[in-house]
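Each chain, letter by letter, is given below.
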Amino acid sequence: MKAVKIFTYNLKNQKSEFEFYALSKGLNSGKPLDSPCPNCFVISCRNVEELDVYRSLLFGLWQTKSFHQFLIGSVIPYIRISDFKNFVFEQATHLKGKEKVFKNDIRRVKTLEQRERHIYEQLLLISELKRIYIARHLKR
């Protein structure tokens, strides 16, 4: 896996076709984003495959709270771009030779996320039904 470009987001920079964003401040530092915000890093990739792999890598690192070890700041924690770059590149080199297995696991995680979303929607409907059943017996 080749290294991608990681830099701080700036409104004046041109947006490329294959880039996504990662939060740089707060306890959600490292969380991958589809749209930019003032406190984020830009991860610029060469193609869609690379974009998918790095987005999945960042999502996994964020989910496992791997970036928490790099947070600094007393009021609003943040991660330095150098720490972020080094850690992401270190994890990407660790994946070398395991791309097929990693992509397979990415596909499985995406399937699980879809199922999780579907179950969550069903739970919302169930809770709404419970509310409706009780509410129709109450005086308005």
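Look up a bit, the structure's there.
Residues numbered from 1 in each chain as written. Predicted model: local features only at pLDDT ≥ 70, side-chain atom pairs only at ≥ 80, totals over all residues. Heavy atoms only, no water.

Description of the overall build of the protein chain
- Across its full length, the protein chain carries 3 helices and 4 strands.
- Counting only C-alpha atoms and orienting by the principal axes, one finds that the protein chain spans roughly 65 × 40 × 30 Å.
- Taken across its 140 residues, the protein chain has 29% of its residues classed as buried.
- The contacts in the protein chain between residues at least 6 apart in sequence include a share of 64% that link residues at least 24 apart. (Helix = DSSP H or I, 4+ residues; strand = E, 2+ residues; numbered from the N terminus. Buried < 20%, exposed > 50% of the residue type's maximum accessible area, 1.4 Å probe, protein only. Contact = heavy atoms within 4.5 Å.)

Quick word on helix 2 (residues 81-94)
- End to end, helix 2 covers 20 Å across 14 residues, agreeing with the expected 20 Å (1.5 Å per residue, within 8%).
- Buried within helix 2 are the following residues: Phe84, Phe87, Val88, Gln91 and Ala92. Each buried residue of helix 2 lies within a common arc of 135 degrees when the element is viewed along its axis, so the set occupies one face. For helix 2, the exposed residues set more than 90 degrees away from the buried face come down to Asn86 and His94. (Expected span 1.5 Å × (residues − 1). Arc of directions from axis to C-beta.)

Here we look at the packing of aromatic side chains
- Counted under the stated rule, the structure contains 6 aromatic pairs.
- Taken together, a centroid distance of 5.3 Å and an interplanar angle of 25 degrees make the contact between Phe67 and Phe84 stacked. With Phe67 in the loop between helix 1 (48-63) and helix 2 and Phe84 in helix 2, this pair connects stretches of sequence that are 17 residues apart. Pair check on accessibility: Phe67 and Phe84 agree, each one buried.
- Centroid distance Phe70 to Phe87: 5.0 Å. Interplanar angle 55 degrees. Geometry classified as tilted. Note that Phe70 is positioned in the loop between helix 1 and helix 2 and Phe87 in helix 2, a separation of 17 residues in sequence.
- In this structure an aromatic cluster arises from ring pairing among Phe41, Phe67, Phe70, Phe84 and Phe87. (Phe/Tyr/Trp six-rings, centres within 6.5 Å; stacked < 30°, edge-to-face > 60°.)

A closer look at unusual backbone geometry
- Positioned with a positive phi, Lys65 is a non-glycine residue whose angle comes to about 55 degrees.
- Residue classification places Lys65 among the exposed positions, given a relative accessible area of 54%.

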